[in-house]
Each structure stands twice: as structure tokens, then as C-alpha cells.
There are 2 protein chains.
Amino acid sequence: MEELGERKEKILNAIIKHYLETGEPVGSRVISKIADLSLSSATIRNEMADLEELGYIIQPHTSAGRVPSDKGYRFYVDHLIEAKNQEVAEIKDLMIEKTEKMEKVLKQVVKILANDTQYATMISAPSVRGNRLKFVQLSAVDENQILSVVVMDGNVVKNKIIHVEDPLDNETMLKLNMLLNTTLNGLTVSEINLGLITKLKEQAGIHEDIIAQVLNTVAETISDDDLEIYTSGATNIFKYPELSDSQNASELISAFEEKQALKEFIEETQSEDGEDTGIQVYIGNEAPVQTMKDCSVVTATYELGGGMKGTIGIIGPKRMDYEKVMDNLKNLKSQLDNALRGDLDK
Amino acid sequence: MEELGERKEKILNAIIKHYLETGEPVGSRVISKIADLSLSSATIRNEMADLEELGYIIQPHTSAGRVPSDKGYRFYVDHLIEAKNQEVAEIKDLMIEKTEKMEKVLKQVVKILANDTQYATMISAPSVRGNRLKFVQLSAVDENQILSVVVMDGNVVKNKIIHVEDPLDNETMLKLNMLLNTTLNGLTVSEINLGLITKLKEQAGIHEDIIAQVLNTVAETISDDDLEIYTSGATNIFKYPELSDSQNASELISAFEEKQALKEFIEETQSEDGEDTGIQVYIGNEAPVQTMKDCSVVTATYELGGGMKGTIGIIGPKRMDYEKVMDNLKNLKSQLDNALRGDLDK
DNA sequence: TGTTAGCACTCGTTTTGGTTGAGTGCTAAT
DNA sequence: ATTAGCACTCAACCAAAACGAGTGCTAACA
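Residues numbered from 1 in each chain as written. Chains lettered and ligands numbered in written order. Predicted model: local features only at pLDDT ≥ 70, side-chain atom pairs only at ≥ 80, totals over all residues. Heavy atoms only, no water.

Caption draft 1: Summary view of helix H10 (residues 260–271) of chain B. Across its 12 residues, H10(B) extends 17 Å between first and last C-alpha, which sits within 8% of the 16 Å expected from 1.5 Å per residue. Within H10(B) the residues assigned to the buried category are Ala261(B), Leu262(B), Lys263(B), Phe265(B), Ile266(B) and Thr269(B). (Helix = DSSP H or I, 4+ residues; strand = E, 2+ residues; numbered from the N terminus. Expected span 1.5 Å × (residues − 1). Buried < 20%, exposed > 50% of the residue type's maximum accessible area, 1.4 Å probe, protein only.)

Caption draft 2: Highlighting the protein's contact with DNA strand D. Residues in close proximity to DNA strand D total 20 residues, the closest being Ser28(A), Arg66(A), Arg7(B), Thr43(B) and Ser63(B). For DNA strand D, the fraction of protein-proximal atoms (within 4 Å) that sit in sugar or phosphate groups is 76%. Contact between DNA strand D and Thr43(B): a phosphate oxygen at 2.6 Å from a side-chain N or O atom of the residue. In this structure, Thr62(B) approaches DNA strand D through a side-chain N or O atom, which is 3.2 Å from a phosphate oxygen. Elements with a contribution of two residues or more to the surface near DNA strand D: helix H3 (41–54) of chain A together with helix H3 (41–53) of chain B. Here the surface near DNA strand D takes four residues from H3(B), the largest share from any one element. Here the residues of the surface near DNA strand D are counted per class, giving four nonpolar, 12 polar and four charged. (Near = heavy atom within 4 Å. Polar contact = N/O pair within 3.5 Å; in protein donor to acceptor, adjacent residues only side chain to side chain. Nonpolar A, V, L, I, M, F, W, Y, C, P; charged D, E, K, R; others polar.)

Caption draft 3: Region of interest: the packing of aromatic side chains. The tally for this structure, following the rule as stated, stands at nine aromatic pairs over all chains. With centroids separated by 5.8 Å and ring planes inclined at 75°, the aromatic side chains of Tyr56(A) and Phe75(A) adopt a geometry described as edge-to-face. Here Phe75(A) lies in helix H4 (residues 70–85) and Tyr56(A) lies in the loop between H3 and strand S1 (57–58), a separation of 19 residues in the sequence. Assessed through its relative accessible area of 0%, Tyr56(A) is described here as buried. Relative to Tyr282(B), the ring of Phe265(B) has its centre 5.1 Å away and its plane inclined at 85°; by these criteria the two rings are edge-to-face. Of this pair, Phe265(B) sits in helix H10 while Tyr282(B) is found in strand S8 (residues 279–283), placing the two residues 17 residues apart along the sequence. Overall, the relative accessible area of 0% leaves Phe265(B) in the buried class. It is Lys71(B) that lies over the ring of Tyr56(B); its NZ or CZ is 4.7 Å from the centre. (Phe/Tyr/Trp six-rings, centres within 6.5 Å; stacked < 30°, edge-to-face > 60°. Lys NZ or Arg CZ within 6 Å of the ring centre and 35° of its normal.)

Caption draft 4: Structural context of unusual backbone geometry. Non-glycine residue Lys259(A) carries a positive phi angle of around 75°. Within the fold, Lys259(A) resides in the loop between helix H9 (246–258) and helix H10 (260–271).

Caption draft 5: Summary view of the interface of chain A and chain B. Taken together, the contact between chain A and chain B spans 37 residues of the former and 37 residues of the latter. Note on chain A versus chain B: buried area summed over both sides is about 2900 Å², and carbon and sulfur give 52% of it. If you sort the residues of chain A by the area they bury against chain B, Thr235(A), Phe238(A) and Glu257(A) come out on top, with a joint share of 17%. Our enumeration of links across chain A and chain B arrives at two salt bridges. The partner of Lys111(A) in a salt bridge is Glu258(B), and the shortest N-O contact between them spans 3.9 Å. Applying the counting criterion to the chain A and chain B interface returns eight residue pairs in polar contact (both at pLDDT 80 or more). If you list the elements that add at least two residues to the side of chain A that touches chain B, you get helix H5 (102–117), strand S4 (133–142), strand S5 (145–152), strand S6 (156–163), strand S7 (229–232) and H9 of chain A. Among the residues forming the side of chain A that touches chain B, the class breakdown is 13 nonpolar, 13 polar and 11 charged. (Contact = heavy atoms within 4.5 Å. Buried area = accessible area lost by both parts, 1.4 Å probe. Salt bridge = Lys/Arg side-chain N within 4 Å of Asp/Glu carboxyl O.)

Caption draft 6: Representation of the environment of Asp70(B) within the structure. All names here are of chain B. Within the secondary structure, Asp70 is located in helix H4 (residues 70–85). Between the C-alpha atom of Asp70 and that of Ile162, which follows or precedes it by 92 residues, the distance is 54 Å. If sequence neighbours within four positions are ignored, Asp70 has contacts with Ile283, Gly284, Asn285 and Lys318. In this structure the side chain of Asp70 is engaged in a polar contact, spanning 2.7 Å, whose partner is the side chain of Lys318.

Caption draft 7: Spatial organisation of the protein's contact with DNA strand C. Arg7(A), Thr43(A), Thr62(A), Ser63(A) and Ser28(B) are the nearest of the 21 residues found near DNA strand C. Among all atoms of DNA strand C positioned within 4 Å of the protein, those belonging to sugar or phosphate total 79%. Arg45(B) is positioned such that a nitrogen or oxygen atom in its side chain is 3.2 Å from a base nitrogen of DNA strand C. Breaking the surface near DNA strand C down by element, the ones donating at least two residues are H3 of chain A together with H3 of chain B. Here the element with the most residues in the surface near DNA strand C is H3(A); it accounts for four residues. The class makeup of the residues in the surface near DNA strand C is four nonpolar, 13 polar and four charged.

If you want it as C-alpha cells, here you go:
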């Protein structure tokens, strides 16, 4: 990337900052008044012409002020990160109650975040892929129904009703439970391979269909289409005119409703290893989802140990308040860590 | 309600029908051509003037055609219901897979419905208030954690992790399980009164806190803020210009996101006993929620026996295709009945 | 050589005013 | 009671004009 020179940088920064606030194209006069470098509008104009040539800013039409380009935003954000990286994120307490259901925590978090930032937000539950089985139990609910309960590390509980033709006597039930627990306990899902399954079924004898259904439950637990995503504040989009012309808004909100696009995002996010901070910024077309080409998306990945990863994301206009958003996310990231971890071993 | 006279009725009907199709104010000429009564536009004009005076139609501005008022729609819908009541709803098979999770069925239904009608749709899971306890079980997950599983009639399963200071020995656990099951089995939640609770705790001795937490889980199961609502097609709103000016659309979609308003709706719906068909139509201000004053809402209540009730709703513009929507709902209502009932005892 | 004042120019936005046409209400004829 | 006819209304459309924010360029200046 080209070297800009201090003055140009300052001007570019001023332009972007002002644009972030107003959302209107910003002209040379404004900058000459605002920026602490005392220069006339004419000089600024010259510099702006240069900046435009370099691709950092854009003139929407001949006689309008300038607007940051994606490249401009990128510059801004990158420098922001540089500047911020040293600082320790100041942690205001967001009052996450230590409620026992992760689902509730997440719903609460995403709501708070949306409210606080006034952007659209999403959060994915930590994927339990690679998570360990902790406890399995079958119990007879009535003659033809067996309830299978599976508990994974992190207290993710999954249950399923299994239908059987003939009632199981107590003893068999006990034996099956024993078998399942001793065999599966402590395993990750990926460790349950075909050999193991065959062995299990063999030992279960005539009840192999039950085993199959239990394993099915386990498989479901980590299935990808089950990746839960919570969203909030989708309608905040309407607060930003550049996003809210009905065509655009409709698509965006649709994406939020469907959640399919969000999943793609989260996968992308988690694969692309976010540098040290774990925070990533996608500006405009950088986003892996076409629908969001007019937005910026800031994501953070949180981890719970044992490879459980989740993603928080904020979707807003390109002129979002990156500083605030990134601080917020950093903050939340650590709090989430605490809250959920605390939850786990409490 | 005033008597209209056949001719006025015919004209009113023609106006509304035409308006439903086009969404444009309809003038006297159009009606004189369309309606099978051969009258000149002038005559129609006279009649229209009358209808306006009676409040069935409205002139948006002096030199425009007429548009149905809420009262007009109401007239139309009421007569529609009268006419349709005799007929048996024709049942096309919607291919609801008999998957075992109610949640999935509902999500699927609401999606199909939204897709089919092109309106916004919602569905509430059948409330288990008044539902019976079928099975309770505690099991030790590890030293400090006990998993409590509660199964209600209709196979609604709820679980909760309970934290304890000291591990429980096997025997105690067995005793507690026995106690809980014998005492609670077959009871509805409202039947679990204070006396019972005290008695239970007494018998549990030092483990009364565990009992308390189990009961808590039961209480949560039927708590009102837990009333699950699934929605789909909220963005269909954008398809109807009269609803999609950004102010309106934002509020509406917001309502869909928050779901609070929808809850109010569903409560209203279920209390107000929908006549024989179980289908209700709210036009404009008839809706109990202010946000929807420019919409019409059609709801149907489905029942699963044992007092479990759920509500399906369709939210669209006032000029929605009532006929289609009501047919659709009637249809779905019965299918849902089958699918979920089938699910229950399968 | 870098900065600045001045000025002509551009171009989107807003305002204005005129035209159009669908639709009405009223009146008089049928 | 119905209808033809006509004057009237008014939102919608369109083109021309006025506006003004902002530019690029040039010439003067430190």
C-alpha cells in the first residue's frame, strides 16, 4: 500500500470521521474548518483530488463532496486497530446474569448489543463439534416410549423420544444404560467411528435399533443445520437511509430472517483465523455474502475451550462507528467467555 | 347494521373485489362495466355516494375512485364466511412430514404458509398449560450436577441441570425419583398446589432444595414468557406498497422480531372464542395491537385435546385475499391436528 | 514551491407552473 | 328511476428555471 504522508492521512481521517457522523458527502470547506491543520479549503481540495486519484475517496457526482471508498474505510479501520491494539479493553459490566441456560444468555447478549450499538446483531451458539459426551441415559416413559437423554460437555442437553414395539424390562434398560455410558463416555463425536458402532450394536443384541436411535440423537446434536443463530435489531437497518431503500432493506432483513446467509458468514469467520484480537472487519464487498455488499460487518469469535467456538457479529452501514463497535465486541467477547465458562463448571 | 338492498350489496362487493385485485381506488366506470347489473356509471356514482355516506367506502381524495373502509371489509368478510360455512374445506395434502419434533413441524408449517400466501405468518406452539406430568427423573451427571428431566403429556421434554454441594448416593437418588414420580405423576401444573409442595419437601428431608428446583423446572415449562412463537415471511410486507413505507414497515417487522405484540395477539385470539370455525378475522383497528392498524390479521386456533391450544396467524394488508387465506387456514388447522396428534401417540 | 483567494463551471436538488386525465357531483333530459 | 352531459377538482406527471454546494483551475502571493 502506498505511503500517504502525514497530512493526507490526517485529511483522510477527518473526511471519514465526519462522514461517519453525518452520512453526507463532505466538502473541502468543512474539512478546512474542522481539522486542526489550518489550511484553506483550496489546499484541501488539492489534497482531496490526490486522495481520490489514489482511490481512498469517491465523488458521488461532479459537484458533490467526497465519500470514503471501501479502500478508504479499510485504511481507517486498519489504523484504528493499530492504535487500539495496545490498549486494554475497558470492561464495563454488562450484567449478564448467570442463568443456567446458554440459550438465554445468548439471546440476552444479542439484544443488549443491538440496543447498545443500534445496529443489527447476531450470535451463534458455540458449536459443539469436537465436544465430549458426558452422560447418556435411557428411561422408560411408558410402555412404548423411551426417553433418551444425552449430555455433552458444556451441559448441552439433547433428548429424544424413541418408540419401541415391546416394553423393555428394567434389567435390560439398566444393561443398555451401562453399555452406552461405558462405551461412549468421554468421547468426542468424531471419535465415534464405525468400528465402535458395530461393536456397540453387537453387544446390544436385539436392541440395536435403540442404539442406532441414540447415536442418531448424538449426531443431530452436532449437525450443521442445527447451528443455532440468534439475531436482534434487524430493524435497526431502517435507521440508515443508505440501507433502507425498500429493495435493499427487504433483502437484508430477509437474510436475517432466513439465517442461511448468516451461517455462511459464521463459517467464513471461524475458518479465517482472526489475528490476535479475534476481531474481523468486512467492508462492503469483502463480506462473503452478496446481500451485504453495502454493509460492513464486524465479527468476533469467542471460545470456550475444548474447541467450542461461537461468533458474534454486528451488521451495519459502512459508516458504522467502528471504534465503538470493536470495543463493544472485545468487551463482550471476554465477558461471554467468563459467563459461559463459569456456567460450565459452576 | 343497516339493510343495504341487493343492488348496493352487489356494487359494494364488486368494488371490494376489484380493489383486492388491483390495490387502486376503483371508479364508477369500472364497476359499471364489470358488474353484471347493467347500469351506467352515473347510476353507480349515485349508489357509491350512498355507500360512502353509510361508511362502507372512502374517497382518498376528491377526484379519485373509492376504496373500501374497514367497515366495508368487515361486510365483505362476514358475507364470505356466511357463504363458505356450508362448504367442506377441500384438503390438499401439504406434505407435513411426520418428524418427531413438534418444533420442526411448526417451523415448517409457518414457512410453507408464508410461501403459499405471500403474507407474513406466525404460529404459536400449543401451550401446555393444563397439561399433565407424565414422567420425572433425576440422574447424576457428575459429582456436583444432577440432571432433572420432566416429560409432560404430548412429549414436551424439559430439562435442567441442578447443582448440588455434595454428591447424592444412589439410594437417595432412587428414593427421590420414586417420591417425585408417585406424587406428581398425572397431575396438571395447576394441581400442584402449596399443600402438595410442602408435603413433598417434608418427605424429601434435607434434599428439599432439589425438589424446589425440579418444581421450578416444571413451572418454567408452562411460564408465559416461554410461549414459543415461530414466524416466517415477515419481509413479504414489502410486497404491499401500502404497508411498506419505511415507517410502517419498520414497526411491523419490529413487531415480528420482538414477538411481544404477537403474544398479545395470540392471547386475545385464544380467549375470544372463535365461533364454530375457529377462524377469526381482525380488520385494521379491530386488531388488539396498534402496530397492525393498517393490516388485517386472520387467525385460526388449533387444538390437540387436553386443552392444548395453539394459534396460527396470517398478517397482511387489508386487501388480502381473505378467501384464499381462510381456506388455507382451515385446511392447515385440520392437518396440524392430525400431524401433531399422530405425533403424540405414534 | 507550497498556499491561498477568486471565479467560472458543473450538476444534483428544489421550486415552480402548466398540463393531463381520471373521476366526481350535479343538472337536465329521457 | 336512469342516464347523458358537463363543469369542476385534484393528484400525478413533466419540463423549465432557480438554487447552491462544491469543485477545478488560474493567478497572485509568501
